[in-house]
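# Structural characterization, general
Chain residues, written in single-letter form:
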Amino acid sequence: MPRIRTVAAAAALACVAGTALATAPAQAAGSVHIYKVYYDSPGSDRGGNSSLNAEYVQIRNSTGSAFQMKGHTLKDASGHRYTFPSYRISAGKTVKVHTGKGTKSAGHLYMGRSWYVWNNGKDKASLYKPSGALRDSCSYNSTRADYKMC
């Protein structure tokens, strides 16, 4: 009889483990991450504000609730840095962080720079938590496209 109990216990354990594995994807929490880097704005790079603002990094909140970005930083490989002001990304939404100047609005933030940040062929966008820990990064190495989906 001890063998029957062992087999029954193993079967019950396998059933419970299978249930836990099957439900894990449905319980995935999502993340706040770099979604897109538009590194080569259309036209020639002459430094006009509209051209600068066509260069951006898009951050996506794929969690189920709003997320406060205050204190997070966005950096390129050369060390250009943007620190987020108080800004909430709603669940399932994105925010574009434009290189140039502009007024903060729903879905749009501005670095306030007067020259380009993201190199046209190769660079790395990194998003850091207020603590300094890396939250996410996205590298690209191509001149065949103007943007990279991360």
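Here we summarise the structure given alongside this text. (Residues numbered from 1 in each chain as written. Predicted model: local features only at pLDDT ≥ 70, side-chain atom pairs only at ≥ 80, totals over all residues. Heavy atoms only, no water.)

## So, the environment of Lys 122
What counts, and what does not: Helix numbers and strand numbers start at the N terminus; a helix is a DSSP run of H or I with at least 4 residues, a strand a run of E with at least 2. Relative accessibility decides the category of a residue: with a 1.4 Å probe and only protein chains considered, values under 20% of the type maximum give buried, values over 50% give exposed, and everything between is partly exposed. Contacts are residue-level and defined by heavy atoms, with any inter-residue pair within 4.5 Å sufficient.
Turning to its location among the elements, Lys 122 is positioned in strand 9 (residues 122-128). Judged by relative accessible area, which is 56%, Lys 122 ranks as exposed. Sequence separation between Lys 122 and Ser 142 is 20 residues; the distance between their C-alpha atoms is 6.3 Å. Apart from the residues within four sequence positions on either side, Lys 122 is in contact with Tyr 140 and Asn 141.

## Structural notes on the nonpolar core
Selection criterion: In these notes, a set of buried Ala, Val, Leu, Ile, Met, Phe, Trp, Tyr and Cys residues joined through side-chain atoms within 4.5 Å is what counts as a nonpolar core.
Membership of the largest hydrophobic core comes to 23 residues, with the highest contact counts inside it found for Ile 34, Ile 59, Leu 74, Phe 84 and Trp 118. Where this core is concerned, the elements lending two or more residues are strand 1 (32-38), strand 2 (56-61), strand 7 (94-98), strand 9 and strand 10 (134-141). For this core, the leading source of residues is strand 1, giving three residues. Not counting residues within four places of it along the chain, the set of residues in contact with Phe 84 comprises Ile 59, Met 69, Lys 70, Gly 71, His 72, Thr 73, Leu 74, Val 97, Leu 109 and Leu 127.

## Some details on the side chain of Glu 55
Condition: For the purpose of counting charges, residues Lys and Arg are taken to be positive, whereas Asp and Glu are taken to be negative. His and the chain ends are not included. Any carboxyl oxygen of Asp or Glu that lies within 4 Å of a side-chain nitrogen of Lys or Arg is treated as forming a salt bridge with it.
Relative to the helices and strands, Glu 55 resides in the loop between helix 2 (49-53) and strand 2. Despite its burial, Glu 55 remains without a salt bridge, the nearest opposite charge being carried by Arg 113 at 7.9 Å. Among residues more than four places away in sequence, those in contact with Glu 55 are Tyr 38, Tyr 39, Ser 41, Val 97, His 98, Thr 99, Tyr 116, Val 117 and Trp 118.

## Things to note about the pairing of strand 9
So the rule is basically this: One bridge is not enough; two strands pair if DSSP finds at least two bridges between them.
With three bridges joining them, strand 4 (residues 73-75) and strand 9 adopt antiparallel strand pairing. Along strand 9, the bridge assignment pairs Leu 74 with Leu 127. When strand 9 meets strand 10, the two strands line up antiparallel, connected through seven bridges. Its bridge partner being in strand 10, Leu 127 is matched across the sheet by Asp 136. Connecting strand 9 to the antiparallel partner strand 10 that follows it, the hairpin turn spans five residues, and Gly 132 within it adopts a positive phi of roughly 100°.

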